[in-house]
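# Architecture and fold: a report
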Amino acid sequence: MNYCVVGLQWGDEGKGKVVDVLARDCDIVVRYNGGANAGHTVVIDQTRFALHLLPSGVLREGIICVIANAVVVDPEVLISEIDGLTSKGIDVCNRLLVSENAHMVLDYHKLEDRLREQALGRHKIGTTARGIGPCYADKAGRTYAIRMSDLRDLDNLREKLAVVVEFKNKLFTAVYGAEPIGLDGLFEKCKYYASRLANLLTDTTEFLHRSIKEGKSVLFEGAQGSLLDLDHGTFPFVTSSNCSLLGMPAGSGVPGKLVDVSVGVCKAYMTRVGAGPFPTELDNEVGQYIRQKGQEYGTTTGRPRRCGWFDAVAVRYAVTINAIDQIAMMHLDTLTGQDQIEVCKAYRIGPDLIEFFPSNIDRLRLVQPIYHSLPGWREDISSACRFEQLPTNAQRYIEYIEGLLGRPIRMIGVGPSRDQLILR
Ligand code: GDP
Ligand code: IMO
Ligand code: MG
């Protein structure tokens, strides 16, 4: 079986935990999009692992980890993640493959990301400042792009970097009034990256097709969430990759029809970090309750996440564009203690009923959510292992959302830990 796990909201749905659980039955776990803007958490016993570039399957012994073509790799983050896990006794290097065609995020990308956001002021996107947008822009522009395979030929890399640095310095000084960056320091860093990473580089597309032919089970791990997809999300308040399942074939080189089961991950409510429209946002004490109880602070940047009621219009759209087979719903425990829980079942724009999510933000900004109210529960559910052990109102909540989404909710999260998961 080959699986693909994707986020159905604006990221941080709990993909790391779901991937870690599914990886138990897989041979290979693949990251295919995004970069170190991702922060995927896995909690094992009392230990919390936050992964940014390494696939979340890495915590399962013997799993091969692949970073595929369309990931933008920040070598500094990757090396520090490898070292962090090695220091905890988890050996990574002998089972990690990095695409030679993946593009590299360097210091000037992160600087450009920060400078652009600062210059935009209140119009900013609220990026993670991890250099994601500038790196993907250089990739699409081609002339100033640096790929992982460039680490194999350092003389050639120095020549390429000289051209890039000259161009970027014009941008930094003339447009942003910032200090220029130096070529020598950047090149020294690249020499170090080459010494650490060059032997991990390979043709990951060839490896994945060979492995699938041999009958290996592959799990594709999406980063971010479908509503942040560059082409299908709430543009421009999105990331710079196709982070729905639609990005998986292009990102990994493996056609989508080789995926047997697509798993969509959502929370029992909505969250969003950064700017952009959010129809069911709770800018009140209920939103604060969810943020506190669910510990809704960014895994990568520590920023407080905006919280709101479950939006079935938005999630149903994600289910549709991803052709989701089954759903994993995390953080049901976070809703414990609410007397009434609202679910947005449709939108209204003026007199019109809207059931298909308008991803165009000019239309999305006009929508009025139509809510259905359900009774809440007060019992502690954090140690429930079976669906039947949940309070009746919690069961009804799950079943109501299943009805709205038209897909089975097969996993239910009742706490952050690896084993706080109900399998149905
Ligand atoms: P990802 O980016 O989709 O992997 O999600 P993040 O790791 O950024 O954010 C999810 C957060 O929720 C992490 O802190 C997880 O440890 C936590 N988490 C995951 N599932 C559950 C759950 O069912 N209940 C609670 N309370 N926390 C959860
Ligand atoms: P995971 O994989 C939540 C958001 C940022 C910002 C927008 C653009 O952990 O779910 P970027 O740095 O990508 O240019 O920022 O996208 N964003 C995420 N939000 N989870 C993520 O990843 C995110 N990655 C990017 O907050 O609004
Ligand atoms: Mg995250």
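Small disclaimer: the values here were computed from a predicted structure and weren't measured.

### So, the pairing of strand β15 (residues 326-330)
Within β15, five of the five residues are buried, which leaves the element mostly enclosed by the surrounding structure. Side chains Gln326, Ala328 and Met330 project from β15 onto one buried face, and the interleaved Ile327 and Met329 project onto a second face that is buried too. Note that strand β11 (residues 261-267) and β15 share five bridges and pair parallel. Within β15, the residue paired with glycine 264 across the bridge is isoleucine 327.

### A few points about the pattern of salt bridges
Side chains that carry opposite charge are capable of pairing whenever their charged atoms lie near each other. Under the counting rule described, the total for this entry stands at 25 salt bridges. For lysine 267, the salt bridge identified is with glutamate 296, shortest N-O distance 2.9 Å. Within this pair, whereas lysine 267 is found in strand β11, its partner glutamate 296 is found in the loop between α9 (285-293) and β13 (306-308), the two being separated by 29 residues in sequence. The class for glutamate 296 is buried, based on a relative accessible area of 0%. Here the salt bridges do not stand alone but share partners, grouping Asp74, Glu76, Asp107, Lys110 and Lys189 into one network.

### Considerations on the site of ligand 1
Close contacts around ligand 1 come from 20 residues, with Lys15, Thr41, Thr299, His331 and Asp333 the closest. Within the side chain of threonine 299, a nitrogen or oxygen atom sits 2.8 Å from an oxygen atom of ligand 1. Considering ligand 1 on its own, with 580 Å² of exposed area, one finds that the protein chains cover 94% of that surface. For the shell around ligand 1, the secondary structure elements donating two or more residues are α1 (15-22) and β3 (40-44). Residues that form the shell around ligand 1 fall into these classes: four nonpolar, 10 polar and six charged. Two domains each put at least three residues into the shell around ligand 1: domain 1 (3-99 + 202-263) and domain 3 (267-423).

### Thoughts on the layout of surface pockets
Where empty space is left in the structure can be found by rolling a water-sized probe over the atoms. Its volume calculated, the largest pocket comes out at about 730 Å³. Along the wall of the largest pocket there are 39 residues; nearest its centre are Ile125, Thr127, Thr128, Val238 and Thr239. Those elements that place two or more of their residues in the lining of the largest pocket are α3 (107-120) and α4 (132-141). The dominant element in the lining of the largest pocket, judged by the number of residues it contributes, is α4, at five residues. For the lining of the largest pocket, the per-class residue count stands at 16 nonpolar, 16 polar and seven charged. Approximately 580 Å³ is the volume found for the second largest pocket. Taken together, 28 residues form the lining of the second largest pocket, with Thr41, Gly294, Gln295, His331 and Pro416 sitting closest to its centre. Secondary-structure elements contributing two or more residues to the lining of the second largest pocket are α1 and β3. If you tally residues by element for the lining of the second largest pocket, the top one is β3, at four residues. Of the residues assigned to the lining of the second largest pocket, the class counts are six nonpolar, 12 polar and 10 charged.

Definitions and cut-offs
- Residues numbered from 1 in each chain as written.
- Chains lettered and ligands numbered in written order.
- Predicted model: local features only at pLDDT ≥ 70, side-chain atom pairs only at ≥ 80, totals over all residues.
- Heavy atoms only, no water.
- Buried < 20%, exposed > 50% of the residue type's maximum accessible area, 1.4 Å probe, protein only.
- Helix = DSSP H or I, 4+ residues; strand = E, 2+ residues; numbered from the N terminus.
- Pairing = 2+ DSSP bridges.
- Salt bridge = Lys/Arg side-chain N within 4 Å of Asp/Glu carboxyl O.
- Near = heavy atom within 4 Å.
- Polar contact = N/O pair within 3.5 Å; in protein donor to acceptor, adjacent residues only side chain to side chain.
- Areas by Shrake-Rupley, 256 points an atom, 1.4 Å probe, with all protein chains shown as cover.
- Nonpolar A, V, L, I, M, F, W, Y, C, P; charged D, E, K, R; others polar.
- Domains from an automatic or database assignment.
- 1 Å grid on protein atoms, 1.4 Å probe; cavity = no way out; pocket = protein on both sides within 12 Å on 5 of 7 lines; lining within 4 Å.
- Points joined across faces, edges and corners; volume = space filled by probe spheres on them.

Function-wise, these values are silent; they only describe arrangement.
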